[in-house]
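Okay, here's what each chain looks like letter by letter:
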Amino acid sequence: MSPLVIYALVFVAVSAVIGVLFFIFGEGQAKTSERLDMLTGKKRKEDETTNILRKTALERDKNSLLSALTPNLPSLQKLIIQANANITPSAFMVITLIPGVLGFTASWLAGVKIYFAPMLGIVLALVPLAWLLHKRASRLKKFSAQLPEALELVARALRAGHSLAAGLHVVAEEMPTPVADEFNRVYEEQNLGIPIDDALRSMCERVPNLDLRFFVTSVCIQRMTGGDLSEILDKIGYVIRERFRILGQVKALTAEGRLSGVILLALPVVLFLMMLHIKYDYVEKLWTNELGVKMSCYALGLQVAGALVIRKIVDIKV
């Protein structure tokens, strides 16, 4: 490898590290400066309740160059909100593009074969999205596990003579995150004058959980028709716990099928990459020969069809 290529790779690596560190610590320094300004009296401390009605990340980022692209991707903003990631959509897009460009550039400068450079760039560009999806799934899973206990806590508060809003506040004080954060936001919104029905529906938008929708629907119906809400919440909590128990049994019974699906889907890809590295001219015919192109298309189609069939078999709704 020539010294020029080594210098270029070192420059790209150092630039990437500096950019990531600046993004990670830049926001923390800004918050520290704001707190110092509040302590010295230069800036009036903002009321905590006004944070509930603060503008969304997309609205705050309206003046940036990349924010013009975010209205075309409304699901990105929802993913960020559901994952509770403290980042703007346009900044996330920049973070997604940087590793992809750096991976492609580094591969190309290192003399990697031309078919590997785009693949490496795409894989590195998908890493931030995979992190966001993992963070969102983990948060929603924790919320689902904490929801039955939260509903029972609200029911006990109602039996003790407290109002529904006070019950939500008890959950916010006693339960861990993320269920405490969401219930606290509902409590603060209704304190600011927003109807509690609207606040609960907003929570359903932030947390796409079917059991939570049952809770919100039952509260809305009870407020219109009357009835014992504590008994309803106890039954909903019992149903959720039974669903979790049955879901655990279903996962145990379908574990073999899911593992078989992963192996069958990963085996052709791994074998292709191995042959691509060991004997390139052997697999080159798959995209240079007309018959090879047809075989590759049929193979990809059958892979996708097999994945859908296996997912349909092991995906049992509870």
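Before reading on, note that the structure itself is shown above.
Counting starts from 1 at the beginning of each chain's written sequence and moves along it residue by residue. Two thresholds apply to this predicted model, a pLDDT of at least 70 for residue-level local features and 80 or more for giving and counting side-chain atom pairs, whereas whole-chain, interface and lining totals are computed over all residues. To obtain the side-chain values, all non-hydrogen atoms of the structure were included, while hydrogens and water were left out.

## Some points on the nonpolar core
Taken as a class, soluble globular proteins show a tendency for nonpolar side chains to be buried jointly.
Line of reasoning, step 1. To define a nonpolar core, start from buried Ala, Val, Leu, Ile, Met, Phe, Trp, Tyr and Cys residues and group those joined through side-chain atoms within 4.5 Å. Only protein chains enter the accessibility calculation, which uses a 1.4 Å probe. A residue is then buried if its area is under 20% of the maximum for its type, exposed if over 50%, and partly exposed in between. Judged by nonpolar contacts, the single largest core of 32 residues is most densely connected at Val154, Phe183, Leu200, Leu212 and Phe215.
Line of reasoning, step 2. For this core, the secondary-structure elements that each account for two or more residues are helix H5 (116-159), helix H6 (164-174), helix H7 (179-191), helix H8 (196-206), helix H9 (210-225) and helix H10 (229-253).
Line of reasoning, step 3. Considering each element in turn, this core owes the most residues, 9 residues, to H5.
Line of reasoning, step 4. The contacts of Phe215, once residues within four sequence positions are left out, are Leu151, Leu168, Phe183, Leu200, Leu233 and Ile236.
Line of reasoning, step 5. Counting residues in each nonpolar core, the second largest holds 10 residues, with Leu76, Ile80, Ala85 and Phe92 among its members. Working definition: helices are DSSP H or I runs of at least four residues, strands are E runs of at least two. Numbering for both runs from the N terminus. Residue contacts follow a heavy-atom distance rule, with two residues in contact if any of their heavy atoms lie within 4.5 Å.

## A closer look at the packing of H7 against H8
To characterise two packed helices, one gives the angle between the axes of the helices and the distance between these axes.
Line of reasoning, step 1. H8 packs onto H7 with a crossing angle of 150 degrees between their chain directions and a minimal axis gap of 9 Å. Classified by the angle between their axes, H7 and H8 sit roughly antiparallel to one another. The crossing of H7 and H8 is right-handed. Only Ile196, Ala199, Leu200, Ser202, Met203 and Arg206 of H8 make contact with H7, whose side of the interface consists of Glu182, Phe183, Arg185, Val186, Glu189 and Gln190. The angle between two axes is taken between their N-to-C directions and runs from 0 to 180 degrees, where each axis is a line fitted to C-alpha atoms and a helix contributes only its stretch in contact. Throughout this description, any angle smaller than 35 degrees is read as roughly parallel, any larger than 145 degrees as roughly antiparallel, any in the 65 to 115 degree range as roughly perpendicular, and the remainder as oblique. By the definition used in this description, the sense in which the near helix is turned from the far one sets the handedness, with an anticlockwise turn below a right angle giving left-handed and a clockwise turn giving right-handed.

## Quick notes on a nonpolar patch on the surface
Line of reasoning, step 1. Where nonpolar side chains cluster on the molecular surface, the patch consists of Met119, Val269 and Leu273 and spans about 230 Å² of accessible area.
Line of reasoning, step 2. In this fold, Leu273 is placed in helix H11 (residues 255-278). Every patch collects residues that have over 30% relative accessible area and no salt bridge, joining them within 9 Å if they carry like charges and within 5 Å if they are nonpolar side chains (Val, Leu, Ile, Met, Phe, Trp, Tyr). Note on areas: Shrake-Rupley, 1.4 Å probe, and residue coverage restricted to the protein chains presented here. A pair is scored as a salt bridge if a Lys or Arg side-chain nitrogen falls within 4 Å of a carboxyl oxygen belonging to Asp or Glu.

## What to know about unusual backbone geometry
Line of reasoning, step 1. The amide bond that connects Thr177 to the next residue, Pro178, takes the cis arrangement and shows omega of 10 degrees.
Line of reasoning, step 2. Mapped onto the elements, Pro178 comes out in the loop between H6 and H7.
Line of reasoning, step 3. Positive phi outside glycine occurs at Asn84, with the angle close to 55 degrees.
Line of reasoning, step 4. Looking at the secondary structure, you find Asn84 in the loop between helix H3 (74-83) and helix H4 (89-109).

## Re the layout of surface pockets
Line of reasoning, step 1. Lining residues are defined by having an atom within 4 Å of a point belonging to a cavity or pocket. Those points lie on a 1 Å grid over the protein atoms alone, cavities being sets where a 1.4 Å probe fits but cannot get out and pockets being open sets with protein on both sides within 12 Å along at least five of seven lines. Grid points are joined across faces, edges and corners, and a volume is the space filled by probe spheres set on the points. In this structure, the second largest pocket spans a volume of roughly 950 Å³.
Line of reasoning, step 2. Taken together, 21 residues make up the lining of the second largest pocket; nearest its centre are Lys141, Ser144, Phe244, Leu247 and Lys251.
Line of reasoning, step 3. Elements with a minimum of two residues in the lining of the second largest pocket: H5, H9, H10 and helix H14 (290-314).
Line of reasoning, step 4. Looking at the lining of the second largest pocket, the element that brings in the most residues is H10, giving 5 residues.
Line of reasoning, step 5. Residue composition of the lining of the second largest pocket, by class: 10 nonpolar, 3 polar and 8 charged. Amino acids are sorted into nonpolar (Ala, Val, Leu, Ile, Met, Phe, Trp, Tyr, Cys and Pro), charged (Asp, Glu, Lys and Arg) and polar (every other residue, Gly among them).

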